[in-house]
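# Examining the three-dimensional arrangement
What follows is each chain in one-letter form.
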Amino acid sequence: MNDSESLKRIAGEKAASSVEDGMIVGLGTGSTVYYTILELGKMVRNGLKITGIPTSKATEKLAVTHGIPLGSLEQHHSIDLTIDGADEIAPNLDLIKGMGGALLREKVVASVSKQLIIVADGSKTVEVLGTKSPLPVEVLPFAVPAVLRKLGDICTQAEVRLRNGYIYVSDNGNNIIDCRFSSIPEPEKLEASLNRIPGVVENGLFLGMADRAIIGTADGIKLIE
Ligand code: 5RP
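Residues numbered from 1 in each chain as written. Predicted model: local features only at pLDDT ≥ 70, side-chain atom pairs only at ≥ 80, totals over all residues. Heavy atoms only, no water.

### Some thoughts on the site of the ligand
The immediate surroundings of the ligand are formed by 17 residues, with Ser31, Thr32, Asp87, Gly98 and Lys124 found nearest. At a separation of 3.3 Å, an oxygen atom of the ligand approaches a polar backbone atom of glycine 100. Here the ligand, which alone exposes 380 Å², has 92% of that area covered by the protein. Taken together, the residues that form the shell around the ligand break down as four nonpolar, eight polar and five charged. (Near = heavy atom within 4 Å. Polar contact = N/O pair within 3.5 Å; in protein donor to acceptor, adjacent residues only side chain to side chain. Areas by Shrake-Rupley, 256 points an atom, 1.4 Å probe, with all protein chains shown as cover. Nonpolar A, V, L, I, M, F, W, Y, C, P; charged D, E, K, R; others polar.)

Have a look at this one:
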């Protein structure tokens, strides 16, 4: 396991210790929360009773493989705790998410969660959002050409996401446009502008949603609260 992988693992596993018996738990998507899900699988095998709400088809498959019982938003109107990864974490816990393509379901799950814990390695922390990661924007396929032109005016570079040479399709049947900025000094204003573009389904800005970040660093776990 390389350094970055072991930092993801310590953060992911640590977050599982916040899960209590009887909780409804939002299960995020990505290579860091992967370790949380593995740990939760072990805890379930040792008797922990939880119901997971997955944020992607990949997470659903992983959770089923590891024996975590799953439920839906139809059955559970409120989630006790969601654990998820992030692509950028600002000091005030504003986030960029969605490089794993699951931003829409992740935001829906986060929006009905009483607590959102973010897990990441130290490379994800930034002073100002937009300085490392592009901002993923999920777009209705029909609207992609029109939205791409509009986003081209807002950001420094807008590109339709590809996977293996083909246009990436999300679990919701949409496409993603990755928007680069030199920085995002006013994320609320940007979010409002993005939400005004017809055809934009969701964007990867998660503002004021996270309660805590568990960061794996070479010096151990760092908490941002
Ligand atoms: C998926 C996400 C992920 O949580 C984010 O991309 C971080 O993933 P990783 O832990 O693999 O770096 O937002 O949509």
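### Some thoughts on the side chain of threonine 32
On the secondary structure map, threonine 32 appears in the loop between strand E1 (24-27) and helix H2 (33-45). Those residues in contact with threonine 32 that lie beyond four places of it in its chain are Lys8, Gly12, Val119 and Ala120. (Helix = DSSP H or I, 4+ residues; strand = E, 2+ residues; numbered from the N terminus. Contact = heavy atoms within 4.5 Å.)

### With respect to the environment of phenylalanine 206
Inspection of the secondary structure puts phenylalanine 206 in strand E13 (residues 205-206). Take phenylalanine 206: its relative accessible area is 1%, and that puts it in the buried class. Between the C-alpha atoms of phenylalanine 206 and lysine 107, which are 99 residues apart in sequence, the distance is 7.3 Å. Sequence-distant contacts of phenylalanine 206, that is, excluding residues within four places in its chain, are made with Leu93, Asp94, Leu95, Lys97, Leu103, Glu106, Lys107 and Ala110. (Buried < 20%, exposed > 50% of the residue type's maximum accessible area, 1.4 Å probe, protein only.)

### Details of the domain arrangement of the protein chain
Along its sequence, the protein chain is carved into domain 1 (3-127 + 207-224) and domain 2 (135-200). Placing a centre on the C-alpha atoms of domain 1 and another on those of domain 2 gives a separation of 24 Å. Taken together, the contact pairs 14 residues of domain 1 with 15 residues of domain 2. When the two sides are added together, the surface that domain 1 and domain 2 hide from each other amounts to roughly 1,100 Å², 53% of it contributed by carbon and sulfur. Linking domain 1 with domain 2 are one salt bridge. The partner of lysine 107 in a salt bridge is glutamate 191, and the shortest N-O contact between them spans 3.0 Å. Across the domain 1-domain 2 interface, the total number found is six residue pairs in polar contact (both at pLDDT 80 or more). Considering each element in turn, the side of domain 1 that touches domain 2 owes the most residues, four residues, to helix H4 (residues 103-111). Class assignment of the residues belonging to the side of domain 1 that touches domain 2 gives a composition of five nonpolar, four polar and five charged. (Domains from an automatic or database assignment. Buried area = accessible area lost by both parts, 1.4 Å probe. Salt bridge = Lys/Arg side-chain N within 4 Å of Asp/Glu carboxyl O.)

### Points about the sheet that holds E13
Read across the open sheet, the three strands follow the order E4-E5-E13; overall the sheet is antiparallel. Unpaired on one side and paired on the other, strand E4 (88-89) and E13 mark the two borders of the sheet. By the bridge criterion, two bridges tie strand E5 (residues 95-96) to E13 in an arrangement that is antiparallel. Residue pairing in the sheet places leucine 95 in a bridge with phenylalanine 206 of E13. (Pairing = 2+ DSSP bridges.)

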